[in-house]
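A structural walkthrough
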Number of protein chains: 2
Amino acid sequence: MREGPDIARIASLVGDPARANMLNALMGGTALTASELALEAGVSLPTASSHLSKLMDGGLLTLASQGRHRYYGLAGPQVAGMLEAIIGVAEAVGPKRVRPGPRDAAMRVARVCYDHLAGEQAVAMLDRLVDRKLLLRQENEIRLSPSAISHFAALGIEIDSKAKRPICRACLDWSVRRSHLAGALGAAILDKVIVEKWARRDKDSRAVVFSPKGKQEFERVFLA
Amino acid sequence: MREGPDIARIASLVGDPARANMLNALMGGTALTASELALEAGVSLPTASSHLSKLMDGGLLTLASQGRHRYYGLAGPQVAGMLEAIIGVAEAVGPKRVRPGPRDAAMRVARVCYDHLAGEQAVAMLDRLVDRKLLLRQENEIRLSPSAISHFAALGIEIDSKAKRPICRACLDWSVRRSHLAGALGAAILDKVIVEKWARRDKDSRAVVFSPKGKQEFERVFLA
DNA sequence: CGCATAGTTCGATCCTCATCGAAGCATCCC
DNA sequence: GGGATGCTTCGATGAGGATCGAACTATGCG
């Protein structure tokens, strides 16, 4: 009967199906309104509201009010990481899917993780960036090499080295079981992928689907 | 209302205080009997038994029957990793402790994680082993260098390269936020630390407390 | 100001699930 | 076999919490 951190409290917040659905939706990285989340979770608005305030109390969400809209988002990368870990276990012990659907395959290849790219493509990209010595990796710490800033600037990605947010972070990938690139740079790269229309986000999942041409471009720029 | 892996199911298993206490106790790495876990969780034996069968159904535990004793243990490193992630979030958002007790400090320095050593000491050790090129690290994959087998053998640690279990694995540390060494080698090293009486396990927590002399020895052997 | 949209609070209902005592199995020891 | 120990199953109880409709608050638009 020791205490320590209240792990049951956090876990039980995630342990309700409605809340789990909401959190899962927020893993997409974009903040959502209460009504969107209610729809996502399949519950009424009052119910969703009650869940959201519980998640807020628990410190799992942040809230950004904009006029009459209130946007809920994950509180931070640590929360996202925890959710990925839980998803990983659920995948592992879960009832072996009869037949993994096409969406599962797509998710493995590339998906959104909070605000950056995850999946095989993302893991390969980080490997390659380290190989090319644009990023210097030591453990889970990733730093920019001197040549990186100009390199990324040439791609249209400006790196603000004064920002509070870490530019690079390693984020463990549940499907590949290795790390991919998170942090401001990771987010900027996902941004570029979408803006350049190399890929589009699947409407109903976190999957990121590359067009044939987009895939080529992405590989030329980041996997060459 | 998508589905995917049943994250709520897993999280709600951890979300009950009694079960959370049990899992937390099992993070110590040693398998425990139902009665011990009942005591740990502060519930009656029938209640504990019911919880344990739920955790088994959920795939979070393994069971080893030995005569009339039945030893429950965590199902694997992935489960342990998930629990560490949840603990990390709980630590972060949890009510800021008025004053971190001495035990918290001890936990940060060195503690048991499933079956190996975690905490500052463990992170430092992995760093050092990689620096000395006894271990070769690439991402989260860690391999033995050619010289490693004889080196560890000289320390009385025999490495069975034919074992099914991975010899080395990286395990993320919630307090330091970097990896430490898990896998068979990690377990063997923890073993040595205890057998050599360099440190003793705190009776009521996962903390591992080094004696002054033991600390010296440990640092001479692994951090030199 | 008045209406519409977004969201929260309240109250009542209902159901799941944690809990424990008692009884039932299983294993070991003598 | 018989008794003791370790554990599970059964049944009854009770509490917490998820849910929704209705009423209420807040913001924006014309």
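Whatever comes next refers back to the structure up there.
Keep in mind the model is a prediction, meaning the values are calculated, not measured.

Side note on the overall build of chain A
Of the regular secondary structure elements, chain A holds 10 helices and 11 strands. Looking at chain A as a whole, 48% of its 224 residues qualify as buried. Here the contacts in chain A between residues at least 6 apart in sequence split such that 55% fall between residues at least 24 apart. Surface summary for chain A: the accessible area is close to 10900 Å², and the carbon and sulfur share equals 54%.

Structural notes on the packing of aromatic side chains
In the structure shown here, the tally under the stated rule is 6 aromatic pairs over all chains. Here Phe210 of chain A and Phe218 of chain A contribute two aromatic rings whose centre-to-centre distance is 5.1 Å and whose plane-to-plane angle is 55°, an arrangement assigned as tilted. Exposure class is identical for Phe210 of chain A and Phe218 of chain A. Each is buried. Ring geometry for Phe218 of chain B against Phe222 of chain B: centres 5.3 Å apart, planes inclined by 50°, an arrangement best described as tilted. Highlighted residues: Phe218 of chain B and Phe222 of chain B, both in helix 10 (residues 212–222), separated by 4 residues, approximately one helical turn. For Phe218 of chain B, a relative accessible area of 0% corresponds to the buried category. You can call Phe222 of chain B buried: its relative accessible area is 1%. Three or more aromatic residues joined by ring pairs form one cluster here, namely Trp198, Phe210, Phe218 and Phe222 of chain A.

Overview of the protein's contact with DNA strand C
In the vicinity of DNA strand C there are 20 residues, among which Ser35, Ser49 and Tyr72 of chain A together with His51 and Lys54 of chain B approach most closely. Between Arg70 of chain A and DNA strand C, the recorded distance is 3.4 Å, taken from a side-chain N or O atom to a phosphate oxygen. Tyr72 of chain A places a side-chain nitrogen or oxygen 2.7 Å from a phosphate oxygen of DNA strand C. Within the residue set of the surface near DNA strand C, elements represented by two or more residues are helix 3 (34–41), helix 4 (45–57) and strand 3 (69–74) of chain A together with helix 2 (17–26) and helix 4 (45–57) of chain B. It is helix 4 of chain B that provides the largest number of residues to the surface near DNA strand C, a total of 4 residues. Counted by class, the surface near DNA strand C contains 7 nonpolar, 7 polar and 6 charged residues.

Concerning the pattern of salt bridges
Residue and element names in this part refer to chain B. For the structure on display, the rule yields 9 salt bridges over all chains. Between Arg111 and Glu84 there is a salt bridge, and its shortest N-O distance comes to 3.6 Å. Taken together, the residues Arg111 in strand 4 (residues 111–113) and Glu84 in helix 5 (residues 77–93) connect sequence positions 27 residues apart. A single burial state applies to Arg111 and to Glu84, both of which are buried.

Observations regarding helix 2 of chain B
Residue and element names in this part refer to chain B. Counting buried positions along helix 2 gives 9 out of 10 residues, so the element sits mostly inside the fold. Listing the buried residues of helix 2 in full gives Ala18, Arg19, Ala20, Asn21, Met22, Leu23, Asn24, Ala25 and Leu26. By the N-cap criterion, in which a side-chain oxygen at the helix start approaches the backbone nitrogen of a residue two or three places on, helix 2 is capped by Asp16, the distance to Ala18 being 2.9 Å.

Some words on the packing of helix 2 (residues 17–26) of chain A against helix 3 of chain A
Residue and element names in this part refer to chain A. Closest axis-to-axis distance for the helix 2/helix 3 pair is 8 Å, and the angle between their directions is 120°. Along this stretch, helix 2 crosses helix 3, giving a crossing that reads as right-handed. In contact with Ala18, Asn21, Met22, Ala25 and Leu26 of helix 2, helix 3 contributes Leu37, Glu40 and Ala41. When its residues are assigned to classes, the contact of helix 2 with helix 3 shows 6 nonpolar, 1 polar and 1 charged.

What counts, and where the lines are drawn
Residues numbered from 1 in each chain as written. Chains lettered and ligands numbered in written order. Predicted model: local features only at pLDDT ≥ 70, side-chain atom pairs only at ≥ 80, totals over all residues. Heavy atoms only, no water. Helix = DSSP H or I, 4+ residues; strand = E, 2+ residues; numbered from the N terminus. Buried < 20%, exposed > 50% of the residue type's maximum accessible area, 1.4 Å probe, protein only. Contact = heavy atoms within 4.5 Å. Areas by Shrake-Rupley, 256 points an atom, 1.4 Å probe, with all protein chains shown as cover. Phe/Tyr/Trp six-rings, centres within 6.5 Å; stacked < 30°, edge-to-face > 60°. Near = heavy atom within 4 Å. Polar contact = N/O pair within 3.5 Å; in protein donor to acceptor, adjacent residues only side chain to side chain. Nonpolar A, V, L, I, M, F, W, Y, C, P; charged D, E, K, R; others polar. Salt bridge = Lys/Arg side-chain N within 4 Å of Asp/Glu carboxyl O. Axes fitted to C-alpha atoms, helices over the stretch in contact; angles between N-to-C directions. Left-handed = near helix turned anticlockwise from the far one by under 90°.

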